[in-house]
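Breakdown of the fold
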Amino acid sequence: MAHTRFMTADEAAALIGDGETVAISGNGAGMISAEAILAALERRFLQTGHPRELTLVHSLGLGDREARGTNRLAHEGMLRKVIAAHFTWSPRMQALIRDEKIEAYCLPGGVIQHLLREIGAGRPGLFTHSGLGTFVDPRQDGGRCNARSRESLVDLLTIDGREVLHYKPFRV
């Protein structure tokens, strides 16, 4: 018989090491998110300076425009990079991006959700027409939000005579 293991938010936060990629989900405006775990991560960072240099991935804006959601992770040194659909609910994250303190990439929300599915299945990323001709198209900005963001997360390919974008997988 399977055994379910429960842990506290602090125990869950302790599993995240420096330099790791963390994908979170929820709903914007502070309505639904793993707030207890985000608070535990923030508390741990403020007390110990760890985890550091994280990559944060989320497809929806999480926060309350004050202190909750991704605002809790918007501390200099805590994040190295953020990949998100938008930053509306996190003015602290916006400031880190604007001040070139972190790399930032904006990708369509649905693309992020499907890319996470592809990564989880061990497939070679997401191939789709979503984003062609927009700011995520590598012929334009490739989803980069500031000058610090130099990585190429999206490639343009031609498959069977049709242009598609290849959103590259990464370790989560």
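The structure under discussion appears in the preceding block.
Definitions and cut-offs
- Residues numbered from 1 in each chain as written.
- Predicted model: local features only at pLDDT ≥ 70, side-chain atom pairs only at ≥ 80, totals over all residues.
- Heavy atoms only, no water.
- Helix = DSSP H or I, 4+ residues; strand = E, 2+ residues; numbered from the N terminus.
- Rg over C-alpha atoms; globule rule 2.2 N^0.38 Å.
- Buried < 20%, exposed > 50% of the residue type's maximum accessible area, 1.4 Å probe, protein only.
- Contact = heavy atoms within 4.5 Å.
- Areas by Shrake-Rupley, 256 points an atom, 1.4 Å probe, with all protein chains shown as cover.
- Lys, Arg positive; Asp, Glu negative; His and termini not counted.
- Charge placed at Lys NZ, Arg CZ, Asp CG, Glu CD.
- Pairing = 2+ DSSP bridges.
- Axes fitted to C-alpha atoms, helices over the stretch in contact; angles between N-to-C directions.
- Salt bridge = Lys/Arg side-chain N within 4 Å of Asp/Glu carboxyl O.
- Arc of directions from axis to C-beta.
- Core = buried A, V, L, I, M, F, W, Y, C linked by side-chain atoms within 4.5 Å.
- Patch = residues over 30% accessible without salt bridge, like charges linked within 9 Å, V, L, I, M, F, W, Y side chains within 5 Å.

1. Some thoughts on the overall build of the chain
The number of helices and strands found in the chain is four helices and nine strands. Relative to the globule expectation of 16 Å for 172 residues, the C-alpha radius of gyration of the chain, 17 Å, shows essentially globular dimensions. Each principal axis of the C-alpha atoms in the chain carries an extent, and together these give about 50 × 50 × 30 Å. Relative to its full complement of 172 residues, the chain shows a buried share of 42%. Considering only residue pairs separated by 6 or more positions, the chain has 65% of its internal contacts joining residues 24 or more positions apart. Surface summary for the chain: the accessible area is close to 9100 Å², and the carbon and sulfur share equals 52%. Looking at charge distribution, the chain has the averaged site of its 21 positive side-chain charges lying 1 Å from that of its 20 negative ones.

2. Some remarks on the sheet that holds strand 8 (residues 154-159)
Strands sit in the order 7-9-8 across an open sheet of three strands; the sheet is antiparallel. In this open sheet, the two strands that pair with only one neighbour each are strand 7 (126-128) and strand 8. Each strand axis lies, on average, 30° off the axis of its neighbour in the sheet, ignoring direction. Of the pairings in the sheet, the one linking strand 7 to strand 9 (residues 162-167) comprises three bridges and is antiparallel in character. For Leu 126, the partnering residue across the bridge sits in strand 9 and is Tyr 167. Strands in contact with helix 4 (residues 109-120) are strand 7 and strand 9; relative to strand 7, the strand with the most contacts, it is inclined by about 135°.

3. Overview of the environment of Ala 2
Along the chain, Ala 2 falls in the segment before helix 1 (9-14). Since its relative accessible area comes to 74%, Ala 2 is described here as exposed. As a C-alpha pair, Ala 2 and Ala 23 span 21 residues in sequence and 26 Å in three-dimensional space.

4. Things to note about the pattern of salt bridges
Applying the stated criterion to the full structure yields 13 salt bridges. Connected through shared salt-bridge partners, Glu 35, Glu 42, Arg 72 and Arg 92 make up one network.

5. With respect to helix 3 (residues 91-98)
The complete set of buried residues in helix 3 reads Met 93, Leu 96 and Ile 97. Take helix 3 and look down its axis: the buried residues cluster within an arc of 100°, on one side only. Looking at the buried side of helix 3, the elements it contacts are strand 4 (54-58), strand 5 (79-84) and strand 6 (103-106). One or two residues past the end of helix 3 sits Glu 100, with phi positive at roughly 60°.

6. Looking at the environment of Ala 85
The residue Ala 85 is located in the loop between strand 5 and helix 3 in this model. Between the alpha carbons of Ala 85 and Val 136 there is a distance of 11 Å; along the sequence they are 51 residues apart. Not counting residues within four places of it along the chain, the set of residues in contact with Ala 85 comprises His 58, Ser 59, Cys 106, Leu 107, Pro 108, Gly 109 and Ile 112.

7. Observations concerning the nonpolar core
Ranked by size, the top nonpolar core spans 24 residues in total, and within it Val 82, Phe 87 and Met 93 carry the most contacts. Elements represented by at least two residues in this core include exactly strand 1 (21-24), helix 2 (35-48), strand 4, strand 5, helix 3 and strand 6. Here this core gets four residues from one element, more than from any other, and that element is helix 2. Leaving out residues up to four positions away in the same chain, Met 93 has contacts with Leu 56, Thr 70, Ala 74, Leu 79, Val 82, Phe 87 and Ile 102. Counting residues in each nonpolar core, the second largest holds 15 residues, with Val 57, Ile 83, Leu 126 and Leu 153 among its members.

8. Things to note about a nonpolar patch on the surface
Taken together, Phe 127, Leu 157 and Ile 159 make up a surface patch of nonpolar side chains, about 230 Å² in accessible area. Within the element layout of this structure, Phe 127 appears in strand 7.

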